[in-house]
There are 2 protein chains.
Amino acid sequence: MTRMLIIGGSDAGISAALRMRELDAAVEITIVLADRFPNYSICGLPFFLSGEVTDWQHLAHRKAEDITSLGIQLLMNHWAESIDPMQKTVTVKAPDGATKFMGYDKLILGTGGTSVNPPIQGLDLPGVYPLRWMADSFAVQQHLTDRSPQHAVIIGAGYIGLEMADALTLRGLSVTLIQRSSSILKTIDPTLSQLVADELTKHGVEVVTDVDIDRIESIDKRLLVADSMGFQRVTDLVIVAVGVSPATQLAQTAGVSLSVNSAIQVNRSMETNLPDIYAAGDCVETYHRILGRNIYLPLGTTAHKQGRVAGENALGGHRKFQGSLGTQVVKIFEVAAARTGLRDDEAIAAGLRPLTVETDVWHHKAYYPGAHSLRIRVTGDRTSGRLLGAQIAGHYQGEVAKRIDIFATALFHDMKMDELNDLDLSYTPPLGSPWDAVQMAAQAWTKQCSEQAL
Amino acid sequence: MTRMLIIGGSDAGISAALRMRELDAAVEITIVLADRFPNYSICGLPFFLSGEVTDWQHLAHRKAEDITSLGIQLLMNHWAESIDPMQKTVTVKAPDGATKFMGYDKLILGTGGTSVNPPIQGLDLPGVYPLRWMADSFAVQQHLTDRSPQHAVIIGAGYIGLEMADALTLRGLSVTLIQRSSSILKTIDPTLSQLVADELTKHGVEVVTDVDIDRIESIDKRLLVADSMGFQRVTDLVIVAVGVSPATQLAQTAGVSLSVNSAIQVNRSMETNLPDIYAAGDCVETYHRILGRNIYLPLGTTAHKQGRVAGENALGGHRKFQGSLGTQVVKIFEVAAARTGLRDDEAIAAGLRPLTVETDVWHHKAYYPGAHSLRIRVTGDRTSGRLLGAQIAGHYQGEVAKRIDIFATALFHDMKMDELNDLDLSYTPPLGSPWDAVQMAAQAWTKQCSEQAL
């Protein structure tokens, strides 16, 4: 019987397993995972720590039993130590310390990413935590419960950092959020990320930019967080969330080629350079649909898609990963900020001639009560008129997330900005406008583009 | 100087005028409109009558001054009596009764639609109103203000009827909503429209189906609404909203050909059969993108698009109307119901082999508080696997409207159901799922389709 072995029990690995089981009732599927939390929503950790999710077990997309009941074997708390691609075996250490040699016909690597450790002294002090795995969140939770901290410092103002600022504020802590660069949420242009910064400030978060923390020290029972320029905060808890890097040691040692950002090199079939070894998720490089090349862009949505493709192809399928657009959204308090595709600087770097136009527009007819203002930036190519990307920020009930998805779907199909007017989008005064906000933003772009061409 | 004459000052006519001015600063543009309310949001009337829109003037998409300041002449309260297509003149009656002969180089007809008068005795009684134009809404408003009605009967459970049931309930009236057929909101399949019916009932509206009203009688100072089978309600106000038919008398008399549903026949350039006469909006037949033929499908969004195309082409452009998908949404109390594309019966009538699959799915990760259940029906072709249409009903804050727009954008591009999984849609636990609700619905369809094929 064909033996499918998957290393990693998060989004990519589980998606691969489910897809294989969907297509083949008989194939033998085993997942080796390093902890005991298969298919947990890593993206949900801040909402557990905020108290909004009362039971951490609810963070599971599926229970372990749901997975094993499909005839998928889960080896929890097992650590894959090495791969022998010639013999097609993986050496696995069981929780009791015993070593197993597991044979495979096809191997799928979904080893994920790890938190980046920035060059800061004192990261190993008690009270300083990364936030990536369930174990991290239990450690933070215990700190919150046992120590009743009054103040927290969060280093890094990306998605996890921002969500933790929201979460810990909800939990009753005072929060200082520190970002090395001049604006938070670097994945969004500053005029939009400023709306998120304003929302944080409105809720009492101290937002500090242009500060490069270089040390954390223990002072009495508290922690001192400092840079070399005189910035200092004394706090009770530090969360370090400055990014993710691919977890590739296992792969690399086995001779799997790495590429962009030291992520595993894959083609659009999710094949590595070694026969019968596939890889997917945060450990691999990702094909970007607009750029037409691979970059490192780890996202849960992408991990699901890539895992599904890897699973199908491991069974002999011919599915191609259709590419990421980098579509993403974050909600901080009442504000959502979202993007898809390229921004100006990224488009320029790709040799395009972008124009980005910003429009403020109501999410539904202004005459109907409760209209939220959306700030939309659309980026298009001056030469071809092609849509390249979009960003939206505004109240989350302004359907920010699904409006970015309209742009993402248009972008997937390579639409020109002007063609967005042809889309037959829904309208009723309490939920939109005869030209939807996304079309009004596109119209503003077209107008400005033609005016500049004159 | 080229003279552009537009008859009708609602969505289609104004869009045509604005597009022409955008493209040509010099061309002479005149709009003849029968009332004094150019560019009013007819769709907004229920929200004025509910009291949510406090000033009727806010219903204007643009003020008259905004239009005239662009050098567009507005002849308000002018009635176009006849067209001489040979001489290229229109006979117009001014408010003082004087008749003008207006020459044109290009004529655009945007005469709109009129309320259908069903075969009911007593439609002309005081207290019985259609709801189509501003004047209708003023009459209803005056009735509400002067007579303080306690109870209203609404005949017809389409969009306007449903919105008026919501509006008059908000206004404090008891409402009976009467529909001739067995379910309300015939544009949506019954399992979804039932969610809307439940929402109405929950808010105290009496929803009556399978009752074909044939007479309204005056009884003392009240009105009796009755059918021939013994159904009777005594009420203080009757709104009749059973549909729209194209207003085409002017066009027909001039020799303009009519077609589907007696709407003006147009091609995708929005040209009529007569030279230099264009038409757009509720008075014309509409090209349906999936059916590939013209049907009568009057919608404000379509009127805007068609008007824009007509305006551009009247100036010598070569724009084609890209077709309607029939995308629409309505919000009743807290529930939104939306659709795009074809339903099962419509697809069968078009010679396709549809399968429709219904899925109930959370609008965001269920572990995060506040998840709304969405009921999604997707229709696809069994033979080609192509997406044909989708319907969604659920809490309006479940981003129902913009989720139907994701389907609409996919449909515009002729996607197969399976390809929806390739779309890179946004995700964060408070706003979605790694596979968005629209993708989960598509996956359920693909699964059921392949199971049935076995």
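Residues numbered from 1 in each chain as written. Chains lettered and ligands numbered in written order. Predicted model: local features only at pLDDT ≥ 70, side-chain atom pairs only at ≥ 80, totals over all residues. Heavy atoms only, no water.

### Concerning the overall build of chain A
Part 1 of the argument: For chain A, the count of helices and strands is 11 helices and 25 strands.
Part 2 of the argument: Radius of gyration (C-alpha) of chain A: 23 Å, near the 22 Å computed for a compact globule of 454 residues.
Part 3 of the argument: Taking the principal axes of its C-alpha atoms as reference, chain A extends roughly 70 × 60 × 40 Å.
Part 4 of the argument: Across the 454 residues that make up chain A, the buried fraction comes to 58%.
Part 5 of the argument: Expressed as a percentage of contacts within chain A between residues at least 6 apart in sequence, the contacts between residues at least 24 apart total 61%. (Helix = DSSP H or I, 4+ residues; strand = E, 2+ residues; numbered from the N terminus. Rg over C-alpha atoms; globule rule 2.2 N^0.38 Å. Buried < 20%, exposed > 50% of the residue type's maximum accessible area, 1.4 Å probe, protein only. Contact = heavy atoms within 4.5 Å.)

### Considering the sheet that holds strand β10 (residues 151-155) of chain B
Residues and elements named next belong to chain B.
Part 1 of the argument: The strand order β9-β16-β10-β11-β12 describes an open sheet built from five strands, whose pairing is parallel. In this open sheet, the two edge strands, each paired with only one partner strand, are β9 (128-130) and β12 (206-208). Strand-to-strand twist across the sheet, computed as the mean angle between neighbouring axes with direction ignored, equals 20°.
Part 2 of the argument: One ladder, built from three bridges, connects β9 with strand β16 (residues 238-240); its direction is parallel. Counted as the bridge partner of tyrosine 129 is isoleucine 239 from β16. (Pairing = 2+ DSSP bridges. Axes fitted to C-alpha atoms, helices over the stretch in contact; angles between N-to-C directions.)

### Comments concerning the relation of the copies chain A and chain B
What relates the two chain copies is a rotation about an axis together with a slide along it.
Part 1 of the argument: When chain A is fitted to chain B, the best match, at an RMSD of 0.0 Å, comes from turning it 180° and sliding it 0.0 Å along the axis. Put plainly, the chains are arranged around a two-fold axis.
Part 2 of the argument: Interface residue correspondence from chain A to chain B reaches 98%, placing this contact among same-surface, isologous pairings. (Least-squares fit on C-alpha atoms with pLDDT ≥ 70 in both.)

### What to know about the nonpolar core
Part 1 of the argument: Ranked by size, the top nonpolar core spans 76 residues in total, and within it Ile376 and Phe407 of chain A together with Ile376 and Phe407 of chain B carry the most contacts.
Part 2 of the argument: Once residues within four sequence positions are removed from consideration, isoleucine 376 of chain A is found in contact with Val357, Glu358, Thr359, Val361, Gln391, Ile392, Phe407, Ala437, Val438 and Ala441 of chain A. (Core = buried A, V, L, I, M, F, W, Y, C linked by side-chain atoms within 4.5 Å.)

### Some details on the interface of chain A and chain B
Part 1 of the argument: In this assembly, 65 residues from chain A lie in contact with 64 residues from chain B.
Part 2 of the argument: Across the chain A-chain B interface, the total number found is six salt bridges.
Part 3 of the argument: Among the salt bridges present, the one from lysine 402 of chain A reaches aspartate 436 of chain B, with a minimum N-O distance of 2.8 Å.
Part 4 of the argument: Applying the counting rule to chain A against chain B returns 33 residue pairs in polar contact (both at pLDDT 80 or more).
Part 5 of the argument: Every element with two or more residues in the side of chain A that touches chain B is listed here: α8 (300-314), β21 (328-332), α10 (400-412) and α11 (437-453) of chain A.
Part 6 of the argument: Considering only residue class, the side of chain A that touches chain B consists of 28 nonpolar, 20 polar and 17 charged. (Salt bridge = Lys/Arg side-chain N within 4 Å of Asp/Glu carboxyl O. Polar contact = N/O pair within 3.5 Å; in protein donor to acceptor, adjacent residues only side chain to side chain. Nonpolar A, V, L, I, M, F, W, Y, C, P; charged D, E, K, R; others polar.)

### Section: the packing of aromatic side chains
Residues and elements named next belong to chain A.
Part 1 of the argument: The tally for this structure, following the rule as stated, stands at 14 aromatic pairs over all chains.
Part 2 of the argument: Considering the side-chain rings of phenylalanine 37 and tryptophan 56, the 5.5 Å spacing of their centres and the 85° angle between planes classify their relative orientation as edge-to-face. Taken as a pair, phenylalanine 37 in the loop between β2 (28-32) and α2 (45-49) and tryptophan 56 in the loop between α2 and α3 (64-68) lie far apart in primary sequence, 19 residues in all.
Part 3 of the argument: Looking at tryptophan 56, the relative accessible area reads 22%, which means it is partly exposed.
Part 4 of the argument: On the basis of an interplanar angle of 35° and a centroid distance of 6.0 Å, the ring pair of tyrosine 40 and tryptophan 56 is categorised as tilted. (Phe/Tyr/Trp six-rings, centres within 6.5 Å; stacked < 30°, edge-to-face > 60°.)

### What about the domain arrangement of chain A?
Residue and element names in this part refer to chain A.
Part 1 of the argument: The domains assigned to chain A are domain 1 (3-114 + 245-314), domain 2 (128-242) and domain 3 (335-453).
Part 2 of the argument: The straight-line distance from the C-alpha centre of domain 1 to that of domain 3 is 35 Å.
Part 3 of the argument: Taken together, the contact between domain 1 and domain 3 spans four residues of the former and six residues of the latter.
Part 4 of the argument: Of the roughly 500 Å² buried between domain 1 and domain 3 on both sides combined, carbon and sulfur atoms contribute 69%.
Part 5 of the argument: Counting the surface domain 1 buries against domain 3, the share from its top three residues, Arg289, Ile290 and Leu291, is 90%.
Part 6 of the argument: Summed over the shared surface of domain 1 and domain 3, the result is zero salt bridges.
Part 7 of the argument: Counting across the domain 1 and domain 3 interface gives one residue pair in polar contact (both at pLDDT 80 or more).
Part 8 of the argument: Its residues assigned to classes, the side of domain 1 that touches domain 3 shows two nonpolar, one polar and one charged. (Domains from an automatic or database assignment. Buried area = accessible area lost by both parts, 1.4 Å probe.)

### Overview of the environment of histidine 61 of chain A
Part 1 of the argument: Position of histidine 61 of chain A among the secondary structure elements: in the loop between α2 and α3.
Part 2 of the argument: Owing to a relative accessible area of 18%, histidine 61 of chain A belongs among the buried residues under this scheme.
Part 3 of the argument: It is 29 Å that separates the C-alpha atoms of histidine 61 of chain A and isoleucine 83 of chain A, two residues lying 22 residues apart in sequence.
Part 4 of the argument: In contact with histidine 61 of chain A, other than residues within four places in its own chain, are Asp11, Asn39, Tyr40, Ser41 and His304 of chain A together with Lys365, Tyr427 and Pro434 of chain B.
Part 5 of the argument: Polar contacts involving the side chain of histidine 61 of chain A include one to the side chain of lysine 365 of chain B, which spans 2.6 Å.

### Some points on the sheet that holds strand β16 (residues 237-240) of chain A
Residue and element names in this part refer to chain A.
Part 1 of the argument: Taken in spatial order, the five strands of this open sheet run β9-β16-β10-β11-β12, and their pairing is parallel. Both outer strands of the open sheet, β9 (128-130) and β12 (206-208), are each paired with one neighbouring strand and no more. Shown here is a sheet whose adjacent strand axes are inclined to one another by a mean of 20°, direction ignored.
Part 2 of the argument: Note that β9 and β16 share three bridges and pair parallel. Its bridge partner lying in β16, valine 128 is registered against valine 238.

### Regarding the pairing of strand β5 (residues 89-93) of chain B
All names here are of chain B.
Part 1 of the argument: Bridging between strand β4 (residues 79-84) and β5 involves five bridges; their strand directions are antiparallel. Residue pairing in the sheet places aspartate 84 in a bridge with threonine 89 of β5.
Part 2 of the argument: Alignment of β5 against strand β6 (residues 99-103), held across five bridges, turns out to be antiparallel. Among the inter-strand pairings, lysine 93 is bridged to a residue of β6, identified as threonine 99.
Part 3 of the argument: As consecutive antiparallel partners, β5 and β6 are separated by five residues, and within that stretch glycine 97 has a phi angle of approximately 90°, a positive value.

### Section: the pattern of salt bridges
Residue and element names in this part refer to chain A.
Part 1 of the argument: Inspection of the entire model under this criterion finds 56 salt bridges over all chains.
Part 2 of the argument: A salt bridge links arginine 215 to glutamate 217; the shortest N-O distance between them is 2.8 Å.
Part 3 of the argument: One salt bridge in this structure joins aspartate 414 and arginine 386, with 2.8 Å as the shortest N-O distance. Note that aspartate 414 is positioned in the loop between α10 and α11 and arginine 386 in the loop between β24 (373-381) and β25 (387-395), a separation of 28 residues in sequence.
Part 4 of the argument: Residue classification places aspartate 414 among the partly exposed positions, given a relative accessible area of 45%.
Part 5 of the argument: Arginine 386 sits in the partly exposed class, given a relative accessible area of 21%.
Part 6 of the argument: Shared partners join several salt bridges into a network, and the residues in it are Asp189, Arg339, Arg343, Glu346, Glu358, Asp360, Arg375 and Arg377.

### A look at α8 of chain A
Part 1 of the argument: Look at α8 of chain A: 21 Å from first C-alpha to last across 15 residues, which is about the 21 Å you get at 1.5 Å a residue.
Part 2 of the argument: By the criterion of burial, α8 of chain A is predominantly enclosed, with 15 of the 15 residues buried. (Expected span 1.5 Å × (residues − 1).)

### A short note on the side chain of aspartate 424 of chain A
Part 1 of the argument: Residue placement: aspartate 424 of chain A occurs in the loop between α10 and α11.
Part 2 of the argument: One buried charged residue, aspartate 424 of chain A, forms no salt bridge at all, with the nearest opposite charge on lysine 305 of chain B at 4.3 Å.
Part 3 of the argument: Only 3.4 Å separates the side chain of aspartate 424 of chain A from the side chain of serine 324 of chain B, close enough to count as a polar contact.
Part 4 of the argument: Excluding residues that lie within four positions of it along the chain, aspartate 424 of chain A makes contacts with Thr301, Lys305, Ser324, Leu325, Gly326, Thr327 and Ala408 of chain B. (Lys, Arg positive; Asp, Glu negative; His and termini not counted.)

### Topic: the environment of valine 238 of chain B
Part 1 of the argument: Among the secondary structure elements, valine 238 of chain B is positioned in strand β16.
Part 2 of the argument: If near-sequence neighbours (up to four positions away) are discounted, valine 238 of chain B is found in contact with Gly127, Val128, Tyr129, Val153, Ile155, Ile216, Leu223 and Val225 of chain B.

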